[in-house]
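Tertiary structure, described
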Amino acid sequence: MTRTLILLATFVAVTLNLKAQDPIAALVPMPNHVEQPQGKPFRFVEGRTTIAYQGEGQRFTAQSLTNIIEQRTGVTVALDPSAKKADITLRLDSTLKGDEHYRIAITHRGIALTGSTTAALYRALTTLDQVLMGDVLSTARDEMQPIIIDDAPRFARRTLMLDPARHFLPVAEVEHFIDQMAKYKYNVLQIHLTDDQGWRVAIDSHPRLASAQHYTQDDLRHIVRYAAERHIEVIPEVDIPGHTVAILAAYPELSCSHLKTDTVIVGQTTNRMVCAANEMSYKVLTDVINELAVLFPSPYIHLGGDEAAVPANWAQCADCQALMREQGYTKTTQLMTPFFDRILTAVRQHGKKPILWCELDNIYPPANDYLFPYPEDVTLVTWRWGLTPTCLTLTQRNGHPILMAPGEYAYLDYPQWTNDFPEFNNWGMPLSTLENCYKFDPGYGRTAEEQAHVQGIMGTLWAEAIPNIHRATYMAFPRALALAEAGWTDIPYRSWESFKERMMPNLYDLIQSGVSIRVPYEVIKK
């Protein structure tokens, strides 16, 4: 404990004495175009400064801006949607291209935030907050120096994933995590709702599925609304056909024929799959998809598809083997094709698109092809250590969109530094340092054409060794800041040396907000 306090004190001292105290000193992710013209500052004046916005769709952003200004400067500003000569304006601009393209223009006369969409305006808000955070001397005088920022993301989808299936996270803790995501322009939260350790979503048509700790459907609606206010999309993940002990504990009749009499214990039994030849499997899973499709307005549903223990399940199941013969297959993994053909029909009936983890014909390099032919409308997520280059090539060749979550860079549940291992469930995880995470190029240095199908990035927080939200944020931050910049900022504007300085005010701000973080003492200059 003493060592931790010393490190924290050192961290705070260094942060408060940063040489860089200017409008760009705390910008994370770094915007893709910044100008700092000379001129007089804009000044916030108590009782006089007003904010004008356009319509109810901008009200939350406008109210959030008043909160930020008061928090940073102590000045209370007024909201006046009808004001014609407001000092601070929020407006949409249809000439801006892309869903999150925004501009900030600050002169002595006022502050103008413009965006292509309301989501873009909200991204502008988070940048403005960081300008106030970084330029501490001006902010202390209730001022902002002239600056022009014209910014849009490199990649459209920037995701963080929580795993309440392994260790449940109450709604308030998920909201807390969403708040931190929003600060760094993440726009997708994936929630891993089901696994061998628990089924965390109430399904009205199959109430037996829900574990003791689970989200009611009203809970999930609330999370979706809370995230939507911050322009974050929530994607549910239900992992099938493997990682299904929680399903089989509730419905053992969905097991393969040779396993139906075995005892299945949630949190202890592993390597079980729902039977591909059992009609009841498709009935239950279709019902689940039907309810999830209504609960989550996202156009996507993630259905896992990873780490299926085919040799121990389908390969030894008389019913699955009969289905193989009927289909004329020679390999048991080929049963993935009819399985997902039927499951994805339910997804498509709701106008949704499926996401699956990308599995290849080998779990270690070298690999040559997909584990099975993925349908054309599937978005794949690359994740296995060392196999991302192959996944990138295969998805381009086959026309599949891809999300980048390579274990080498984006698995935030991996330890961040030597001996910084979890207190339990340490299975010999590899290290993924802050610097290593920052070096992540989601395009892997390929040509524009070769990476055009890359939709974005995903940082994962698998929770086998993450028992609560405090451990989750400790594992996420500061690496989630590095990953945010990898997803947002174009390569020419990224710099590890610059990032280390810009990161520090943000980490101190997270501490002040009550967020558990890891102090990156290894990168603090002495």
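Summarised in this report is the structure supplied together with it. Given the structure is predicted, the values throughout are model-derived calculations rather than measurements.

Criteria and cut-off values
Residues numbered from 1 in each chain as written. Predicted model: local features only at pLDDT ≥ 70, side-chain atom pairs only at ≥ 80, totals over all residues. Heavy atoms only, no water. Buried < 20%, exposed > 50% of the residue type's maximum accessible area, 1.4 Å probe, protein only. Helix = DSSP H or I, 4+ residues; strand = E, 2+ residues; numbered from the N terminus. Contact = heavy atoms within 4.5 Å. Polar contact = N/O pair within 3.5 Å; in protein donor to acceptor, adjacent residues only side chain to side chain. Pairing = 2+ DSSP bridges. Right-handed = clockwise from strand over helix to strand, strands pointing away. Salt bridge = Lys/Arg side-chain N within 4 Å of Asp/Glu carboxyl O. Axes fitted to C-alpha atoms, helices over the stretch in contact; angles between N-to-C directions. Expected span 1.5 Å × (residues − 1). Parallel < 35°, antiparallel > 145°, perpendicular 65-115°, else oblique. Nonpolar A, V, L, I, M, F, W, Y, C, P; charged D, E, K, R; others polar.

Of all eight residues in helix α14 (residues 469–476), seven are buried; the element is thus mostly enclosed. Of the surrounding elements, those touching the buried residues of α14 are α5 (171–183), β18 (454–461) and α15 (479–488). Among the residues of α14, the N-terminal cap falls to Asn468, whose side-chain oxygen and the backbone nitrogen of His470 are separated by 3.1 Å.

In this section: the pairing of strand β11 (residues 188–195). Within β11, eight of the eight residues are buried, leaving the element largely enclosed by the surrounding structure. In terms of strand pairing, strand β10 (residues 157–162) meets β11 through four bridges, oriented parallel. Residue pairing across strands places Leu162 opposite Ile191, the latter belonging to β11. In this fold, the crossover linking β10 to β11 by way of α5 has right-handed handedness. Here six bridges tie β11 to strand β13 (residues 233–240), and the two strands are oriented parallel to one another. Directly across from Gln190, in β13, lies its bridge partner Ile235. Note that β11 and strand β12 (residues 198–199) share two bridges and pair antiparallel.

This brings us to the pattern of salt bridges. Summed over the entire model, instances satisfying the criterion amount to 27 salt bridges. A salt bridge links Arg43 to Glu143; the shortest N-O distance between them is 3.6 Å. Residue Arg43 is located in strand β2 (residues 42–43), and its partner Glu143 is located in strand β8 (residues 143–144); the two are separated by 100 residues in the primary sequence. Judged by relative accessible area, Glu143 falls into the buried class, the value being 14%. Of the charged contacts, one joins Asp163 and Arg166 as a salt bridge, the two residues approaching to 2.9 Å between their closest N and O atoms. Residue class for Asp163 comes out buried when judged on its relative accessible area of 1%. The exposure class of Arg166 is buried, given its relative accessible area of 10%.

To continue, consider the pairing of strand β15 (residues 353–357). With respect to burial, β15 is a largely interior element, four of its five residues being buried. Pairing between strand β14 (residues 300–304) and β15: three bridges, direction parallel. Directly across from His302, in β15, lies its bridge partner Ile355.

Once that is clear, we can look at the sheet that holds strand β7 (residues 110–115). Spatially, the seven strands line up as an open sheet ordered β1-β9-β6-β7-β5-β3-β4, and their pairing is mixed. Taken across any chain shown, the strands that pair with only one partner, and hence form the sheet edges, are β1 (34–35) and β4 (78–79). With two bridges connecting them, strand β3 (residues 50–52) and strand β5 (residues 88–92) associate as parallel partners. Paired with Ile51 across the bridge in β5 is Ile88. Strand contacts of helix α2 (residues 59–73): β3, β4, β5 and β7, with the helix running at about 150 degrees to β5, the strand carrying the most contacts. Lying over the sheet, helix α3 (residues 118–134) contacts β5, β6 (102–107), β7 and β9 (147–151), oriented at roughly 45 degrees with respect to β6.

Turning next to unusual backbone geometry. The step from Ile240 to Pro241 runs through a cis peptide bond, and the omega angle for that step is 0 degrees. Mapping Pro241 onto the fold places it in the loop between β13 and α7 (245–250). The peptide bond linking Pro365 to Pro366 adopts the cis configuration, its omega dihedral lying at 0 degrees. Here Pro366 is to be found in the loop between β15 and β16 (379–382). A positive phi is found at Asp142, a non-glycine position, where the angle reads about 65 degrees. Summarising the element assignment, Asp142 is placed in the loop between α4 (136–140) and β8. Even without a glycine there, the phi angle at Tyr444 is positive, about 50 degrees. Locating Tyr444 in the fold gives a position in the loop between α13 (434–438) and β18.

With that settled, the discussion passes to α5. Taking 1.5 Å of rise per residue, 13 residues should cover 18 Å, and α5 covers 19 Å from first to last C-alpha, within 8% of that figure. Of all the positions in α5, only Val171, Val174, Glu175, Phe177, Ile178, Gln180, Met181 and Ala182 are classed as buried. Immediately downstream of α5, the backbone of Lys185 shows phi near 65 degrees, a positive value.

This part is about the environment of Gln21. Note that Gln21 resides in the loop between α1 (2–16) and β1. The exposure class of Gln21 is partly exposed, given its relative accessible area of 30%. Along the sequence, Gln21 and Leu137 sit 116 residues apart, while their C-alpha atoms lie 7.1 Å from each other.

One can find Thr388 in helix α11 (residues 388–398). Exposure remark for Thr388: the relative accessible area of 0% places this residue in the buried category. Thr388 has contacts with Thr382, Met404, Pro406 and Tyr444, leaving out every residue within four places of it along the chain.

Closest axis-to-axis distance for the α2/α3 pair is 10 Å, and the angle between their directions is 0 degrees. Classified by the angle between their axes, α2 and α3 sit roughly parallel to one another. Each of Phe60, Thr61, Ser64, Leu65, Ile68, Arg72 and Thr73 in α2 lies in contact with α3, whose residues at this interface are Thr118, Leu121, Tyr122, Leu125, Leu128, Asp129, Leu132 and Met133. Classifying every residue of the contact of α2 with α3 by side-chain character gives nine nonpolar, four polar and two charged.

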